[in-house]
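Read off the chains here:
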Amino acid sequence: MAKVGTALRELRGAQKSAKGVSLYSRFVNRPAGRYLAAVSYALGLTPNQVTLVSAAFSFAAVAAVALAAPSWGLGIAVWAALAVGFAFDSADGQLARLRGGGSAAGEWLDHVVDCAKLTALHTCVLIAFYRFPEAYGTDGDGWLLVPLGFQFASVVTFFGGLLTEKLKPKPAPGSPAAAPSTVRAVALLPVDYGVFCLVFLALGGGGLFRWAYAGLGAVAALFLLAFLAKWFRELSAVPR
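What comes next concerns the included structure. Quick caveat, the model's predicted, so the values are computed rather than measured. (Residues numbered from 1 in each chain as written. Predicted model: local features only at pLDDT ≥ 70, side-chain atom pairs only at ≥ 80, totals over all residues. Heavy atoms only, no water.)

### Remarks on the overall build of the protein chain
Rule in force here: Helix and strand assignments follow DSSP, with helices taken as H or I runs no shorter than four residues and strands as E runs no shorter than two, numbered in order from the N terminus. In this treatment the radius of gyration is a C-alpha quantity, and the globule benchmark scales as 2.2 Å times the residue count to the 0.38 power. By definition, residues are in contact when any of their heavy atoms lie within 4.5 Å. Only the protein chains shown count as cover for residues, with accessible areas throughout obtained via the Shrake-Rupley method and a probe of 1.4 Å.
Scanning the protein chain from terminus to terminus reveals 10 helices and 0 strands. Reading the protein chain from its N end, one meets helices and strands in the order α-α-α-α-α-α-α-α-α-α. A compact globule built from 240 residues should have a C-alpha radius of gyration of about 18 Å, and the protein chain, at 19 Å, falls within 12% of that. In terms of principal-axis extent, the alpha carbons of the protein chain reach across some 55 × 50 × 30 Å. Long-range contacts, defined as pairs at least 24 residues apart, comprise 82% of the intrachain contacts of the protein chain with a sequence gap of at least 6. Here the protein chain displays about 12,500 Å² of accessible surface, and carbon together with sulfur accounts for 70% of that area.

### Section: the environment of E10
Heads up, the condition is: Buried residues are those whose accessible area, probed at 1.4 Å on protein chains only, stays under 20% of the maximum for their type, while exposed residues exceed 50% and partly exposed ones sit between those limits.
Looking at where E10 falls in the secondary structure, it is placed in helix α1 (residues 2–12). Residue classification places E10 among the partly exposed positions, given a relative accessible area of 46%. It is 33 Å that separates the C-alpha atoms of E10 and I76, two residues lying 66 residues apart in sequence.

### Structural notes on helix α2 (residues 23–43)
Spelled out, the test is: To estimate how far a helix should reach, multiply one less than its number of residues by 1.5 Å.
The end-to-end C-alpha separation of α2 is 29 Å, in line with the 30 Å expected for 21 residues at 1.5 Å each. Where α2 is concerned, the buried positions are Y24, S25, N29, R30, P31, G33, R34, A37, A38 and S40. G44 occupies a position one or two residues after α2 and carries a positive phi of about 80°.

### Examining the pattern of salt bridges
Threshold: By definition, a salt bridge exists where a carboxyl oxygen of Asp or Glu is found within 4 Å of a side-chain nitrogen of Lys or Arg.
Overall, the coordinates contain 6 salt bridges when judged by the stated rule. A salt bridge links K117 to D114; its shortest N-O distance comes to 3.7 Å. Taken together, the residues span about one helical turn, with K117 and D114 both in helix α5 (residues 104–131) at a distance of 3 residues. The salt bridge involving K168 is made with E165; its shortest N-O contact spans 4.0 Å. Its relative accessible area of 49% is what places E165 among the partly exposed residues. Several salt bridges converge on common partners, so that one network encompasses E165, K168, K230 and E234.

### Looking at the packing of aromatic side chains
This is how it is decided: For this analysis, a ring pair means two rings from Phe, Tyr or Trp (six-membered ring only for Trp) whose centres lie within 6.5 Å, classed as stacked if their planes differ by under 30 degrees, edge-to-face if by over 60, and tilted for the remaining angles.
Throughout the structure, instances matching the rule amount to 17 aromatic pairs. Summarising the aromatic geometry, the rings of F223 and F227 are spaced 5.8 Å apart at their centres and angled 50° between planes, so their arrangement reads as tilted. Here F223 and its partner F227 are both found in helix α10 (residues 207–236), 4 residues apart, which amounts to about one turn of the helix. The exposure class assigned to F227 is buried, which follows from its relative accessible area of 13%.

These figures capture arrangement, not role.
Written out as structure tokens, the structure reads:
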């Protein structure tokens, strides 16, 4: 326990900037990830092992969505597994900083798992809509396009944001970090992965889940357009 307490104290001073982070990630997921990182450090786990633990929780939930008949109990289990996987996704980076820094291979693994998780999750919702049309009310083929559209918006947003960060010039060493905006943190809640995971609590509601999922998909598409315009404007100002 002493080792966990020491790790927690060190991690409190080694957090990433909260700029561009939603309230959920800032006040729920990152603190949860901090505790998981401290426990993982005490157990002697490596950041890559923590990434794989995150993947195990996430993909178990993803598979359950596609394979199991929808129910309220399933929804709770899927949400819990996704939420824990997301917290471990935050923990691997924090553990890397606690251990003195990550590696290029570790960062690569983290991003590959994240992209695979996003792609698989929406694919499995599509499979669920196809396998259980009576439960979800997805008898019409048009509903199968909803997960495809949501997947497109999510993956392009993920890739676009990642590429933008790589292409933008890094701030000069020692420059003060920009203060996080509360308004922006609230505005980003609808496209926060942790908030998205909450929709699976409605799996037992059939039509409720279908409409909640479709609504978040429409919001994701609108945010994608806004993000693309913002990123293009920012990168246009970067000298070649």
